[in-house]
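Architecture and fold: a report
Here is how the chains run, residue by residue.
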Amino acid sequence: MPSYIAAEAETTPLPKITVPPPAPASNSGKGLGDLPMRVVYRAVVVAAGVGILGAGVAFVVLGRGAPAPVAQGAAQQGATQQVGLPSGVASPAAVAGDVGTGGGIGTATEAVATPGLSPLSSASPLNASPLNASPQAGVSPPGVSPEPSPGSPDTAMAAALHDPRVPTLPANERELRRRPGHPAHIRGLVKDRRSGVALPRFTKSWTLAKASPFASRQVLPKVKGMSYRGLLVSCPVPIPQQATLRDTAFLAARWTLNHHPSGATITWTASQPMKAGKREGWLLGYTVHYTVKGKKRTSAAALALVDVPDRKPAVVFVTIPDSQKKRWRDINAVMSSVKAL
């Protein structure tokens, strides 16, 4: 059979394959899987930025009225660690800050309202372990003695021992030597009840003067051309009292330089125990050296420190310049007449 005939011969038809149409999408937009990855990343970054910004705004708005408890607790813990306090215990500075800002008022009020109670009281757990205390807090480092406070007996004595105007007292006792001449007339006693002593009341050469700032005062007449004259006074000892009458008298003699010309210095002539009636005392004699108008001058002086019951010791002090040395014998009269009341 010819080939063209065979081609035109009837053949069995092939089965028809039908492809179902795609299902309609639930929405008209593209799905997440159809978007490029760079678009997805940008969307995630933008969303995260918006979330952080919103949280920051909320923190500022909410925290504007009062500090957050967590932040405040962290600040107190940091301050505690700076001063060496145990963790979890508020420092005194933190408590003071709470009072000033209105935070923690209950705790601060209880501390203030309880007499004698402080953040470092015996009831505080801070006493359970040693603190890193410093000298500024009033605690001396181990092995270091605390320095004496200003005005204490130790400080006054240390200052006197380093004062070049006042030498140390002689180791051995020295009696007050008798001055030449005749003493001034005495008429009775000056009873200094404020100090608790009595001393001679001189007449003629000496006159009573206004006592302040002393308890009693007598003076010699002024000398022409001289601004300094004889002086006899009594008062309670104006310096810190020492352990012994001798040391207290030493400091009192240094104090008397305030009533001599500027730049005056001392040399000792006497240092001995004495009796003032029934009370004990200590007597010092000394020469005061100074310069007036370019000329070297001296004064003879003596001081009696008397132990007075139930009060500070009394001082009786007399000094007479060389321009009035005819009255130097009065020094002996004063020192031999002092009595405790």
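Now for a look at the structure at hand.

Reading guide: rules and limits
Residues numbered from 1 in each chain as written. Predicted model: local features only at pLDDT ≥ 70, side-chain atom pairs only at ≥ 80, totals over all residues. Heavy atoms only, no water. Phe/Tyr/Trp six-rings, centres within 6.5 Å; stacked < 30°, edge-to-face > 60°. Buried < 20%, exposed > 50% of the residue type's maximum accessible area, 1.4 Å probe, protein only. Helix = DSSP H or I, 4+ residues; strand = E, 2+ residues; numbered from the N terminus. Pairing = 2+ DSSP bridges.

Summed over all chains, the structure comprises 5 aromatic pairs. When the centroid spacing of 5.6 Å and the interplanar angle of 25 degrees are considered together, the rings of Phe202 and Trp206 count as stacked. For Trp206, a relative accessible area of 2% translates into the label buried. With a centroid separation of 5.8 Å and an interplanar angle of 80 degrees, the aromatic rings of Tyr228 and Tyr290 are classed as edge-to-face. One end of the pair, Tyr228, is in the loop between strand 4 (216–219) and strand 5 (231–236); the other, Tyr290, is in strand 7 (residues 279–292), and 62 residues separate them in sequence. The pair formed by Tyr228 and Tyr290 is uniform in burial state, with each residue classed as buried.

Tracing the backbone through its elements, the reader meets Leu283 in strand 7. Relative accessible area serves as the criterion here: at 4%, Leu283 is assigned to the buried category. Along the backbone, Leu283 and Leu245 are 38 residues apart, and their C-alpha atoms lie at a distance of 9.3 Å.

Next up on the list: the pairing of strand 2 (residues 197–202). Most of strand 2 is tucked away, with 6 of its 6 residues classed as buried. Note: strand 1 (residues 186–192) against strand 2, 5 bridges, orientation antiparallel. Each residue of the ladder has a partner; that of Leu189, found in strand 2, is Pro200. Where strand 1 folds back on strand 2, the antiparallel hairpin that results is connected by 4 residues, among which Gly196 adopts a positive phi of roughly 90 degrees. Bridge count between strand 2 and strand 10 (residues 339–340): 2 bridges; the pairing is antiparallel. Bridged to Val197 within strand 10 is Ala340.

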